[in-house]
Amino acid sequence: MRLTVNGNPIEIDAEAEMPLLWALRDLAGIKGPKFGCGIAACGACTVLVAGQPVRSCVLPLGQVEGDVTTIEGIGRPGALHAVQEAWIVEQVAQCGYCQAGQIMSAVALLDEIPNPSDADIDRTMGGNLCRCATYPKIRAAIKRAAASTGA
Ligand code: FES
Ligand code: FES
């Protein structure tokens, strides 16, 4: 099975039923997306497929339609994504486990709504669970990222 992940074509030797998260982490060695619940309930595994946020723990490989972007694909040292920069300035992460999923959801939110309201943020990000309760900092970081891109 052929996927494009972070701009790179990769060959995955797996059944079409395998969840995308398994393929990314265990077969492609892309460890940014995390396993949290495995039932689409926490958001730790969030990646973008064709620009849309998806829960990769429940998306079978056979249903992946479009390029996959993980947190490894949105920035690099010295050229971080505006959301990553804002996350650092606001010191969002605590244990960090949920944060790759949080950032990917935030990237998708800002792509759709460049200047989101508190309600927009709460509605979108409330589905990404954080046991460290970093929600106020997540909100501040999203607003900082929006401001930094001139929204
Ligand atoms: S691991 Fe996918 S939503 Fe929790
Ligand atoms: S930072 Fe610890 S679960 Fe979110």
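Conventions we followed
Residues numbered from 1 in each chain as written. Chains lettered and ligands numbered in written order. Predicted model: local features only at pLDDT ≥ 70, side-chain atom pairs only at ≥ 80, totals over all residues. Heavy atoms only, no water. Helix = DSSP H or I, 4+ residues; strand = E, 2+ residues; numbered from the N terminus. Rg over C-alpha atoms; globule rule 2.2 N^0.38 Å. Buried < 20%, exposed > 50% of the residue type's maximum accessible area, 1.4 Å probe, protein only. Contact = heavy atoms within 4.5 Å. Areas by Shrake-Rupley, 256 points an atom, 1.4 Å probe, with all protein chains shown as cover. Lys, Arg positive; Asp, Glu negative; His and termini not counted. Charge placed at Lys NZ, Arg CZ, Asp CG, Glu CD. Domains from an automatic or database assignment. Salt bridge = Lys/Arg side-chain N within 4 Å of Asp/Glu carboxyl O. Polar contact = N/O pair within 3.5 Å; in protein donor to acceptor, adjacent residues only side chain to side chain. Patch = residues over 30% accessible without salt bridge, like charges linked within 9 Å, V, L, I, M, F, W, Y side chains within 5 Å.

Quick look at the overall build of the protein chain now. Each helix and strand in the protein chain was counted, giving five helices and five strands. Listed N to C, the secondary structure of the protein chain is β-β-α-β-β-β-α-α-α-α in terms of helices and strands. A globule of 151 residues ought to have a C-alpha radius of gyration of about 15 Å, and the protein chain, at 15 Å, matches this closely. Projecting the C-alpha coordinates of the protein chain onto the three principal axes gives extents of approximately 40 × 30 × 25 Å. Expressed as a percentage of its 151 residues, the buried residues of the protein chain come to 40%. At a minimum sequence separation of 6, the contacts of the protein chain that also span at least 24 residues come to 55%. Only carbon and sulfur atoms are counted for the fraction: they give 52% of the accessible area of the protein chain, which is about 7,600 Å². Charged side chains in the protein chain number 12 positive and 15 negative. The centres of these two groups are separated by 9 Å.

Along its sequence, the protein chain is carved into domain 1 (2-73) and domain 2 (82-148). Placing the centre of domain 1 and that of domain 2 at their C-alpha centroids yields a distance of 20 Å. With 15 residues of domain 1 at the interface, the matching set in domain 2 holds twelve residues. Where domain 1 touches domain 2, the interface holds zero salt bridges. Summed over the shared surface of domain 1 and domain 2, the result is four residue pairs in polar contact (both at pLDDT 80 or more).

A few words now on a nonpolar patch on the surface. Residues Trp22, Phe35 and Tyr97 make up a contiguous nonpolar surface patch of about 280 Å² in total accessible area. For Tyr97, the position within the fold is in the loop between helix 2 (82-89) and helix 3 (99-112).

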